[in-house]
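Chain residues, written in single-letter form:
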Protein chains: 2
Amino acid sequence: MTELDFIDQLKALATHPAARGLADDAAVLPFGRHKLVMTHDMMVEDVHFLSSADPADVAWKLVAVNLSDLAAKGAKPLGMLMGYCQTGDDNWDTAFVRGLKEAIGHFCVPLLGGDTVSAGADGKRTLALTAFGEAKGHIIPARCGAEPGHSIYVTGHIGDAWAGLQIASGKAHAGDIETSAALLKAHNRPVPKLDDGRALSSLVSTMMDVSDGLLLDASRIASASGVNLEIDLDQLPLSQSFKTVFGEGEEARMSAATGGDDYQLLLTASPETVLPINLSKIGKCRPGSGVSLVQKGERIGLPETLGFVHA
Amino acid sequence: MTELDFIDQLKALATHPAARGLADDAAVLPFGRHKLVMTHDMMVEDVHFLSSADPADVAWKLVAVNLSDLAAKGAKPLGMLMGYCQTGDDNWDTAFVRGLKEAIGHFCVPLLGGDTVSAGADGKRTLALTAFGEAKGHIIPARCGAEPGHSIYVTGHIGDAWAGLQIASGKAHAGDIETSAALLKAHNRPVPKLDDGRALSSLVSTMMDVSDGLLLDASRIASASGVNLEIDLDQLPLSQSFKTVFGEGEEARMSAATGGDDYQLLLTASPETVLPINLSKIGKCRPGSGVSLVQKGERIGLPETLGFVHA
């Protein structure tokens with residue numbers, strides 16, 4: 001059974017409106033005068049991070065990927081609960097706690113509880129984090145509000161995390177140390193767009209974070225909204241560091257568009273909406289379905305895989 | 001590094017008052033006019049459940065152990081997020097979902113989100129659940145309010161889950177089917193004391209759920225409150241099913257007192273407090289520290305292990 005088949009079984013159970021059909025980045029539940037936004041992501045050794053990864057980076061990423069889900073709802077993080085499987089490697093545990101401390105300090109989100117268990121003698125490191133926050137306003141962005149004519153935007157740069165992974169795994173080399181460091185940092189220490197999410201949440205028609213690849217995530221908005229998302233590959237915001245190493249040709253752009261782990265925000269908005277922060281407009285919603293790509297005004301084919309599909 | 005050493009490192013990070021020093025069953029955070037109560041427990045194959053366990057029972061227990069933490073705070077459950085590692089065994093996954101559905105229906109707590117990941121080819125099943133709820137009133141019970149003179153109470157029966165485990169693992173045999181079924185059910189399908197928790201929460205001086213063994217959990221109240229908990233072994237409430245198989249001698253009572261997985265509530269209250277439900281009074285708080293045992297009015301020695309200490 002694939003992950004998607006299993007999720008379909010769970011969806012049949014998750015009928016409460018706050019679950020959003022298990023088709024969103026987070027659950028959104030009215031609580032008192034505000035909305036409680038909750039997300040839970042797991043990371044497994046050899047699946048989501050390499051055994052050789054710096055444990056401090058793994059801790060940072062565990063926090064960041066969850067906060068990124070809150071960012072996509074415009075929520076202010078209030079706290080986290082962590083589930084941690086120990087495997088008996090004290091150095092790993094200690095380095096992990098160091099990274100966790102850095103993330104807690106950087107994002108000012110308190111660790112409030114959780115559970116520590118033994119992974120058993122032959123177990124893998126499995127990490128779980130629940131982050132929750134508070135969102136104000138009547139409507140919390142989802143993936144299902146895009147309409148034909150709406151513009152598609154993305155925050156920051158796309159592709160740097162993919163580029164960092166290529167450097168980390170020895171598949172590419174940056175000419176200079178600064179470029180290398182910038183791309184590695186994008187991969188190892190993503191920074192969720194919490195402020196941007198809060199500034200945008202009441203103005204957008206859809207919003208989500210880019211975790212599995214821009215095209216794959218865009219296809220999820222397309223599917224939930226029942227529109228086609230036409231993305232202009234030339235408008236993809238590539239960083240100077242990315243371009244220094246990989247150029248800005250079609251192959252590089254395609255890698256950026258499918259690489260994942262960006263933790264930028266992908267959003268749609270009516271073209272009349274004035275958005276309060278700098279964004280890159282990367283395309284337009286049209287009648288239809290799925291994602292399509294254009295370059296220099298011409299429709300081009302989609303790559304074989306739109307992003308990182310979990311096993 | 002033991003689990004306790006690691007938790008000590010985490011405690012240094014968890015300085016927010018809502019974290020309760022990571023020394024409680026749940027985090028308690030003011031949110032609007034009420035309190036948000038949150039807990040997160042993990043279960044690992046071969047550590048917390050046998051590979052041979054019925055996956056539907058595992059799902060039920062994952063929900064029950066988390067809701068039991070909410071019961072100990074007198075919280076009304078509002079929802080759950082689940083983290084699930086797939087290992088590629090479709091039958092297991094399907095049976096798990098069946099048990100999850102039963103638990104969701106029985107406890108009326110919606111599944112609102114979570115994450116499904118691959119455990120990798122050689123990974124173990126690792127399950128994570130976050131449950132959260134709402135508690136009313138100014139003071140939410142903790143482990144640190146017991147005073148000398150307070151009475152010690154427990155809900156329901158103690159020892160049935162341990163007895164069920166003995167039967168499940170072939171270490172004991174019940175004479176009749178009804179007795180066997182009752183004890184197995186206590187082990188496989190614990191029912192958290194949510195209503196009792198809500199009825200008691202504003203009246204108690206401490207409250208927690210009995211998960212790792214009555215004596216071990218009592219020692220945690222003793223430690224947090226700075227008192228001695230003197231427990232009368234003869235007052236332990238044993239079920240008829242338990243007594244049918246194991247009798248009610250000192251050895252049987254000691255097993256019940258240390259067996260764990262009861263998910264009853266252990267609490268202390270001032271002797272003047274009138275408690276609104278039937279409870280068993282099992283002892284008294286005295287000046288001092290730790291747990292001590294009496295039987296027929298005489299102090300007796302503590303067993304070697306007070307309960308289930310996680311590796």
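Residues numbered from 1 in each chain as written. Chains lettered and ligands numbered in written order. Predicted model: local features only at pLDDT ≥ 70, side-chain atom pairs only at ≥ 80, totals over all residues. Heavy atoms only, no water.

As annotated in an unreviewed UniProt entry, chain A is Thiamine-monophosphate kinase from Parasphingorhabdus cellanae. Within the UniProt record for chain A, the comment given under Catalytic activity (unreviewed entry) is "thiamine phosphate + ATP = thiamine diphosphate + ADP". Taken verbatim from the UniProt record of chain A, the Pathway (unreviewed entry) comment is "Cofactor biosynthesis; thiamine diphosphate biosynthesis; thiamine diphosphate from thiamine phosphate: step 1/1." (UniProt positions renumbered as here; feature names shortened; annotations may be inferred.)

All right, on to the pairing of strand 2 (residues 34–44) of chain A then. Residue and element names in this part refer to chain A. For strand 2, the tally of buried residues reaches eleven of eleven residues, placing the bulk of the element in the interior. As paired strands, strand 1 (residues 27–31) and strand 2 are joined by five bridges and run antiparallel to one another. The residue bridging valine 28 from the neighbouring strand is valine 37, located in strand 2. Linking strand 1 back to strand 2 in an antiparallel pair, the connection comprises two residues, with glycine 32 at a positive phi of about 60°. Bridge analysis of strand 2 against strand 5 (residues 126–135) gives ten bridges, and the strand direction is antiparallel. Across the sheet, leucine 36 pairs through a bridge with glutamate 134, a residue of strand 5. (Buried < 20%, exposed > 50% of the residue type's maximum accessible area, 1.4 Å probe, protein only. Helix = DSSP H or I, 4+ residues; strand = E, 2+ residues; numbered from the N terminus. Pairing = 2+ DSSP bridges.)

Glancing now at the environment of threonine 244 of chain B. All names here are of chain B. Mapping threonine 244 onto the fold places it in helix 8 (residues 240–246). With 68 residues separating them in the primary sequence, threonine 244 and aspartate 176 have C-alpha atoms 9.5 Å apart. Beyond its immediate sequence surroundings of up to four residues, threonine 244 is in contact with Asp176 and Thr179. Separated by 2.7 Å, the side chain of threonine 244 and the backbone oxygen of glutamine 240 make a polar contact. (Contact = heavy atoms within 4.5 Å. Polar contact = N/O pair within 3.5 Å; in protein donor to acceptor, adjacent residues only side chain to side chain.)

What follows is about the sheet that holds strand 8 (residues 228–232) of chain A. Residue and element names in this part refer to chain A. With respect to topology, seven strands assemble into an open sheet ordered 7-9-6-10-8-11-12, the strand pairing being mixed. Lying at the two open borders of the sheet, with one neighbouring strand each, are strand 7 (206–209) and strand 12 (298–300). Across this sheet, the average inter-strand angle for adjacent strands is 30°, counted without regard to direction. Sheet analysis places strand 6 (residues 151–154) next to strand 10 (residues 280–286), joined by four bridges and oriented antiparallel. From the neighbouring strand, valine 154 faces strand 10, where its bridge partner is serine 280. Its contacts with the sheet place helix 2 (residues 55–72) against strand 7 and strand 9 (265–269), and it is angled at close to 175° to strand 7. Along the sheet, helix 7 (residues 214–225) makes contact with strand 6, strand 7, strand 8, strand 9, strand 10 and strand 11 (291–295), crossing strand 7 at roughly 145°. (Axes fitted to C-alpha atoms, helices over the stretch in contact; angles between N-to-C directions.)

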